[in-house]
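Understanding the architecture of this molecule
Below, each chain spelled out in residue letters.
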Amino acid sequence: MTDDSNPARSERAVDELSYLLVLSRPRFWLYLAGPVLVGVAYGASSVGELFDPGAVALFAYFLLPANVFLYGVNDIFDREIDAANPKKDDREARYRGQRTVPPAVVVTGALGLALFPFVPREAWPWIAGFLVLGAAYSAPPLRFKTTPLLDSVSNGLYIMPGAAAYAAVAGTQPPVLAVVGGWLWAMGMHTFSAIPDIEPDRETGIRTTATVLGERRTYAYCGACWLASAVAFGALDPRLGAAMAVYPLLAVAIASSSVAVDRAYWWFPAINTVVGAALTMGGLWVILYG
């Protein structure tokens with residue numbers, strides 16, 4: 001064995017770790033970690049509770065490890081489908097059997113279970129629900145992503161980190177209307193994100209809510225989910241409803257414009273960050289000023 005074998009091995013290890021970072025979709029990290037911030041802001045009753053150790057642990061997990069888990073399972077079981085998906089050419093990377101991915105999924109899933117001792121029992125169902133739905137969405141035998149409507153409904157998993165954070169800080173379950181509103185928002189977001197995949201999914205025989213409805217009716221479906229979400233949040237507080245009303249308006253604007261959906265799709269990380277920041281600031285305002 002030559003002396004240059006170790007540098008070569010080190011380079012491969014760096015490449016594998018770099019791929020895990022790409023796999024985790026950094027652009028979408030706040031889709032899981034952001035709801036934690038919102039949940040903490042509304043679950044806390046004092047400034048000190050904002051830094052509750054359980055809340056910090058949840059944020060750390062849902063910022064990176066949870067994304068490796070969620071998207072790692074997705075990429076492993078979507079390997080053949082992704083081979084025909086042009087979205088993987090520009091903004092994401094294709095899984096090609098990298099050996100580090102399955103162990104990384106197992107480890108990050110175990111890290112989710114390791115959160116249980118650090119948070120109250122009220123948060124446990126939400127963490128467990130995220131792990132179960134995160135796997136069942138992509139992995140057989142359930143593989144919800146290939147069953148129209150269930151693919152959309154199961155994506156309520158994205159608001160479970162926020163519900164867990166609220167429960168961890170407040171010691172009680174989040175308001176039902178907040179869960180319903182958040183779930184409907186996640187359903188709309190998921191189905192909107194599936195619009196650019198309609199043709200690749202149809203070519204590979206994958207049936208989703210978007211492939212069944214087609215592009216125009218999928219816009220209507222997303223708009224309806226987002227409008228219902230705004231109504232649910234508005235029933236809690238009109239200001240929350242006003243913030244969430246941005247989404248159905250966007251659905252109408254994009255559907256009636258000449259903007260390509262695969263371009264508009266990439267606006268939403270920024271849009272979601274702005275809306276999430278506004279919601280978080282609203283919760284913090286109540287804590288600070290009553």
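Owing to the predicted nature of the structure, the values given are computational and were not obtained by experimental measurement. (Residues numbered from 1 in each chain as written. Predicted model: local features only at pLDDT ≥ 70, side-chain atom pairs only at ≥ 80, totals over all residues. Heavy atoms only, no water.)

The subject of this paragraph is the overall build of the chain. Within the chain, the secondary structure is distributed over 17 helices and zero strands. Sorting the 290 residues of the chain into buried and exposed places 51% on the buried side. Counted over contacts in the chain with a minimum sequence separation of 6, partners at least 24 positions apart contribute 74%. For the chain, the accessible area works out to roughly 13,800 Å², and carbon and sulfur atoms hold 68% of it. (Helix = DSSP H or I, 4+ residues; strand = E, 2+ residues; numbered from the N terminus. Buried < 20%, exposed > 50% of the residue type's maximum accessible area, 1.4 Å probe, protein only. Contact = heavy atoms within 4.5 Å. Areas by Shrake-Rupley, 256 points an atom, 1.4 Å probe, with all protein chains shown as cover.)

Bringing the pattern of salt bridges into the picture now. Counted according to the given criterion, the structure contains five salt bridges. Here arginine 202 and glutamate 199 are joined by a salt bridge, their closest N and O atoms 3.4 Å apart. One end of the pair is arginine 202 and the other is glutamate 199, both in helix 12 (residues 198–203) and three residues apart, which spans about a single turn. For arginine 202, a relative accessible area of 40% translates into the label partly exposed. Using a relative accessible area of 46% as the deciding quantity, one classes glutamate 199 as partly exposed. Between aspartate 237 and arginine 239 there is a salt bridge; the shortest N-O distance is 2.8 Å. Of the residues examined, aspartate 237 reaches a relative accessible area of 19% and is grouped as buried. Bridged by salt links that share partners, the residues Asp78, Arg143 and Lys145 form one connected network. (Salt bridge = Lys/Arg side-chain N within 4 Å of Asp/Glu carboxyl O.)

A few words now on a nonpolar patch on the surface. On the surface, Val47, Phe51, Val56, Trp285, Leu288 and Tyr289 cluster together into a nonpolar patch covering about 710 Å² of accessible area. No other element matches the three residues that helix 17 (residues 268–289) contributes to the nonpolar patch. You can see tyrosine 289 is positioned in helix 17. (Patch = residues over 30% accessible without salt bridge, like charges linked within 9 Å, V, L, I, M, F, W, Y side chains within 5 Å.)

Time to look at the packing of aromatic side chains. Using the criterion set out here, one finds 16 aromatic pairs in the structure. Between the aromatic rings of phenylalanine 28 and tyrosine 265, the centroid separation amounts to 6.1 Å while the plane-to-plane angle is 65°, which identifies the pairing as edge-to-face. Placement of the pair is phenylalanine 28 in the loop between helix 1 (5–23) and helix 2 (30–43) and tyrosine 265 in the loop between helix 16 (261–264) and helix 17, with a sequence separation of 237 residues. Residue phenylalanine 28 shares its accessibility class with tyrosine 265, and that shared class is buried. Each ring, one from phenylalanine 28 and one from tryptophan 266, has its centre 5.7 Å from the other, and the planes form 10°; the classification is stacked. Taken together, the residues phenylalanine 28 in the loop between helix 1 and helix 2 and tryptophan 266 in the loop between helix 16 and helix 17 connect sequence positions 238 residues apart. Ring pairs connect the aromatic residues Trp185, Phe192, Tyr219, Trp226, Tyr247 and Phe268, which therefore count as one cluster. (Phe/Tyr/Trp six-rings, centres within 6.5 Å; stacked < 30°, edge-to-face > 60°.)

This part takes up helix 10 (residues 160–170). For helix 10, the tally of buried residues reaches 10 of 11 residues, placing the bulk of the element in the interior. Buried within helix 10 we find Met160, Pro161, Gly162, Ala163, Ala164, Ala165, Tyr166, Ala167, Ala168 and Val169. At its buried positions, helix 10 is contacted by helix 2, helix 3 (53–63), helix 8 (124–136) and helix 11 (176–193).

The peptide bond linking proline 140 to proline 141 adopts the cis configuration, its omega dihedral lying at 10°. Turning to its location among the elements, proline 141 is positioned in the loop between helix 8 and helix 9 (150–153). Phi is positive for arginine 143, which is not a glycine, with a value near 40°. Within the secondary structure, arginine 143 sits in the loop between helix 8 and helix 9. Residue classification places arginine 143 among the buried residues on the basis of a relative accessible area of 13%. A positive phi is found at leucine 149, a non-glycine position, where the angle reads about 75°. Of note, leucine 149 is situated in the loop between helix 8 and helix 9.

So, about the UniProt feature "transmembrane region" (unreviewed entry) in the chain. Here, the residues flagged by UniProt with the feature "transmembrane region" (unreviewed entry) are residues 28–48, 54–73, 101–118, 124–142, 163–186, 243–261 and 267–288. End C-alpha to end C-alpha, residues 243–261 measures 23 Å, and it is 68% helix and 0% strand. (UniProt positions renumbered as here; feature names shortened; annotations may be inferred.)

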